[in-house]
Amino acid sequence: MENKTIDRGRRRFINLFLGGAVVGFLGAIVYPLIRYLIPPKIAEANPANLKVAQEAQMAPGSAVMFKFGRKPGILIRRPDGKFAAFDAVCTHLDCTVQFKADESVIWCACHNGRYDLTGRNISGPPPRPLEPFEVNVLNGDVYVSQKEA
Ligand code: FES
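Residues numbered from 1 in each chain as written. Predicted model: local features only at pLDDT ≥ 70, side-chain atom pairs only at ≥ 80, totals over all residues.

A. Local environment of the overall build of the chain. A count of helices and strands for the chain gives 1 helix and 10 strands. The secondary structure elements of the chain, listed N-terminal to C-terminal, are α-β-β-β-β-β-β-β-β-β-β. In summary, the chain has a C-alpha radius of gyration of 28 Å against a globular reference of 15 Å for 149 residues, an excess of more than 25%. The dimensions of the chain, computed from C-alpha atoms along their principal axes, are 100 × 40 × 30 Å. Burial statistics for the chain: of 149 residues in total, 21% are counted as buried. A separation of at least 24 residues holds for 37% of the contacts in the chain among residues at least 6 apart in sequence. (Helix = DSSP H or I, 4+ residues; strand = E, 2+ residues; numbered from the N terminus. Rg over C-alpha atoms; globule rule 2.2 N^0.38 Å. Buried ≥ 20, exposed ≤ 12 C-beta atoms within 10 Å, placed from the backbone. Contact = placed C-beta atoms within 7 Å.)

B. Representation of the sheet that holds strand S3 (residues 71-77). Taken in spatial order, the 6 strands line up as S1-S10-S9-S4-S3-S2 in an open sheet, and their pairing is antiparallel. Two strands lie at the open edges of the sheet, namely strand S1 (50-54) and strand S2 (62-68), each paired on one side alone. On average, each strand axis in the sheet is inclined to that of its neighbour by 30 degrees, with strand direction left out of account. For strand S9 (residues 132-138) and strand S10 (residues 141-146), the ladder comprises 6 bridges, and the chain directions are antiparallel. Its bridge partner being in S10, glutamate 134 is matched across the sheet by serine 145. (Pairing = 2+ DSSP bridges. Axes fitted to C-alpha atoms, helices over the stretch in contact; angles between N-to-C directions.)

C. Main features of unusual backbone geometry. Here serine 104, not a glycine, exhibits a phi torsion of approximately 55 degrees, which is positive. Mapped onto the elements of the fold, serine 104 is located in the loop between strand S5 (98-100) and strand S6 (105-108). Even without being glycine, asparagine 112 reaches a positive phi, approximately 60 degrees. Position of asparagine 112 among the secondary structure elements: in the loop between S6 and strand S7 (113-115).

D. Focus on the domain arrangement of the chain. We note that the domain assignment places domain 1 (1-40) and domain 2 (50-146) within the chain. Relative to domain 2, the C-alpha centre of domain 1 lies at a distance of 56 Å. (Domains from an automatic or database assignment.)

E. Quick peek at the nonpolar core. Residues Ile74, Leu75, Ala85, Val97 and Val144 are the most contacted members of the largest nonpolar core, which totals 24 residues. The contact partners of valine 144, leaving out residues within four places of it in the chain, are Leu50, Val52, Phe68, Gly73, Leu75, Ala85, Phe133, Glu134 and Val135. (Core = buried A, V, L, I, M, F, W, Y, C linked by C-beta atoms within 7 Å.)

F. Representation of the environment of phenylalanine 66 within the structure. Its location among the elements puts phenylalanine 66 in strand S2. A tally of 18 C-beta atoms within 10 Å means that phenylalanine 66 is categorised as partly exposed. For the pair phenylalanine 66 and alanine 88, spaced 22 residues apart in the sequence, the C-alpha separation amounts to 9.0 Å. Here phenylalanine 66 is in contact with Leu50, Val52, Gly73 and Leu75, once residues within four sequence places are set aside.

G. Layout of the environment of valine 137. On the secondary structure map, valine 137 appears in strand S9. Overall, valine 137 belongs to the partly exposed group, with 13 C-beta atoms counted inside 10 Å. For the pair valine 137 and arginine 77, spaced 60 residues apart in the sequence, the C-alpha separation amounts to 12 Å. Look past the residues within four positions of valine 137 in its chain and what remains in contact with it is Glu55, Phe83 and Val142.

H. Region of interest: the sheet that holds S7. Strand order in the open sheet formed by 4 strands is S5-S6-S7-S8, with antiparallel pairing between adjacent strands. Across the chains shown, the open sheet's two edge strands, defined by having one partner strand only, are S5 and strand S8 (121-123). Taking each pair of neighbouring strands and ignoring which way they run, the sheet shows an average axis angle of 40 degrees. Where S5 lies against S6, 3 bridges are found, and the strand directions are antiparallel. Across the sheet, phenylalanine 99 pairs through a bridge with isoleucine 106, a residue of S6.

As structure tokens, this is what we get:
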């Protein structure tokens, strides 16, 4: 009689222990999976006017990359000293473009697409020009903003 009570107690303890282990194991798998599938909300910075560079620090024939909200952007100082900025996402398959100073072009390494320094697609697969940004120089600082439609 007393052995049965002890066995029930042990069985109950083992069941609780195993149940806890299963719940813990599932939690360790399910929680990260849910966190992965539902990413935390991050406020997307969508700057109206973003300071990207200082005029004096950009020599003609140079470029800098920047983030405009979530998009990559590219600010170019053309050889004539004028600035141009573009959404740096290639219009072909969304690779990030880069400035190729030796050829004075904007180049996409993914499929060898090329744009001139006005953002116009000039060779390779890109079907349309890069999206331009507005560029303003104020007190020696170079600002980029979304172009009005
Ligand atoms: S993604 Fe740029 S050329 Fe294909």
